[in-house]
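A closer look at the structure
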Amino acid sequence: MVVGKLPRGAISLTGNIHTGSKKHSGESETEPVVVWLRIVAKEKIPELASYPQGVACVYPLEGPLLPFLGGFSGAGTLCCFLALSSGSDCVLTAHAAEAVPPGCIALDEGHLHNLHAAEGEAPRSFSPFTMPSTLPFALHALTLEVKLRERAQHPQG
């Protein structure tokens, strides 16, 4: 990062996503749903090895998230979309997984990088990401970032 420049692009925290907390025409104003979750490394939980890269995992009975864990993913697990409550460009697909300790979210290396987060830091606040029903949604810009990561070690077989 260049000193004196604000971070931009895919890993910035300057995004302005909608988390269901603002009033739009025809909608009642509601308090945002916020859940504080401690970050754990997904690769440190062996039971999560079957979940694909790019999928975050949360405890299935995480109180405030229960109403949002309603959709089923292709893998047949409950899922929802989450983003940092403070604002972020990064929207996570979160699957319910009983192997995740209550009050935690299991993230992979890509998530940690995009959220500027680290395992073991203070809990972060997340909110369910919901598209406003009254706003049209179109992708206006797409920024891709490529970063060389460590090669996965595959067992010889």
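Residues numbered from 1 in each chain as written. Predicted model: local features only at pLDDT ≥ 70, side-chain atom pairs only at ≥ 80, totals over all residues. Heavy atoms only, no water.

Side note on the overall build of the protein
- In terms of regular secondary structure, the protein is built from one helix and seven strands.
- Mapped from its N terminus to its C terminus, the protein presents α and β elements in the order β-β-β-β-β-β-α-β.
- Looking at the protein as a whole, 36% of its 157 residues are labelled buried.
- In the protein, 73% of the contacts between residues at least 6 apart in sequence involve partners at least 24 apart. (Helix = DSSP H or I, 4+ residues; strand = E, 2+ residues; numbered from the N terminus. Buried < 20%, exposed > 50% of the residue type's maximum accessible area, 1.4 Å probe, protein only. Contact = heavy atoms within 4.5 Å.)

A look at unusual backbone geometry
- The phi dihedral of histidine 116 is positive, around 55°, even though this residue is not glycine.
- The residue histidine 116 is located in the loop between α1 (109-114) and β7 (124-128) in this model.
- Look at histidine 116 and you get partly exposed, because its relative accessible area is 36%.

Some remarks on the pattern of salt bridges
- Under the criterion given, the structure shown has two salt bridges.
- For the salt bridge of lysine 44 with glutamate 119, the shortest nitrogen-to-oxygen distance reads 3.0 Å. Separated by 75 residues along the polypeptide, lysine 44 in the loop between β1 (35-41) and β2 (55-58) and glutamate 119 in the loop between α1 and β7 bring together distant segments of the chain.
- Here glutamate 119 falls in the partly exposed class, since its relative accessible area comes to 36%.
- For arginine 124, the salt bridge is made with glutamate 121, and the minimal N-O distance between the two is 2.6 Å. (Salt bridge = Lys/Arg side-chain N within 4 Å of Asp/Glu carboxyl O.)

Here's the deal with the confidence of the model for the protein
- Residues of the protein with pLDDT of at least 70 account for 64%, and the chain-wide mean is 74.
- Predicted confidence for residues 1-28 stays below pLDDT 50, and this span has 48 contacts to residues more than four positions away or in other chains. (pLDDT = per-residue confidence, 0-100.)

Quick notes on the environment of leucine 112
- Looking at the secondary structure, you find leucine 112 in helix α1.
- Each C-alpha atom, one on leucine 112 and one on isoleucine 39, is 8.9 Å from the other, the two residues being 73 residues apart in sequence.
- The contacts of leucine 112, once residues within four sequence positions are left out, are Ile39, Leu107, Ala117, Ala118 and Glu119.

A word on the state of the cysteines
- The final tally for this structure, using the stated rule, is zero disulfides.
- No disulfide involves cysteine 79; its nearest neighbouring cysteine sulfur is the one of cysteine 80, lying 7.2 Å away.
- Owing to a relative accessible area of 16%, cysteine 79 belongs among the buried residues under this scheme. (Disulfide = S-S within 2.5 Å.)

A short note on the pairing of β7
- Burial analysis of β7 places five of its five residues in the buried class, which makes it a mostly covered element.
- Where burial is concerned, the two faces of β7 agree: the one with Arg124, Phe126 and Pro128 and the one with Ser125 and Ser127 are both buried.
- For strand β4 (residues 78-84) and β7, the ladder comprises three bridges, and the chain directions are antiparallel. Among the inter-strand pairings, alanine 83 is bridged to a residue of β7, identified as serine 127. (Pairing = 2+ DSSP bridges.)

Observations regarding the nonpolar core
- Counting 20 residues, the largest nonpolar core has Val58, Leu82, Leu92, Ile105, Leu107, Leu115 and Phe126 as the members making the most contacts within it.
- Mapped onto this core, the elements with two or more residues apiece are β1, β2, β4, β5 (92-96) and β6 (104-107).
- In contact with leucine 92, not counting residues within four places along its chain, are Ala56, Cys80, Phe81, Leu82, Ile105, Leu107, His111, Leu115 and Phe126.
- Listed in part, the ten residues of the second largest apolar core include Val55, Cys57, Ala97 and Val100. (Core = buried A, V, L, I, M, F, W, Y, C linked by side-chain atoms within 4.5 Å.)

Side note on the pairing of β1
- Taking burial as the measure, the seven residues of β1 include five buried ones, the bulk of the element.
- Bridging between β1 and β7 involves three bridges; their strand directions are antiparallel. Opposite leucine 37, over in β7, you have arginine 124 as the bridge partner.
- Looking at chain direction, β1 and β6 are connected through four bridges and run parallel. If you follow arginine 38 over to β6, its bridge partner there is cysteine 104.

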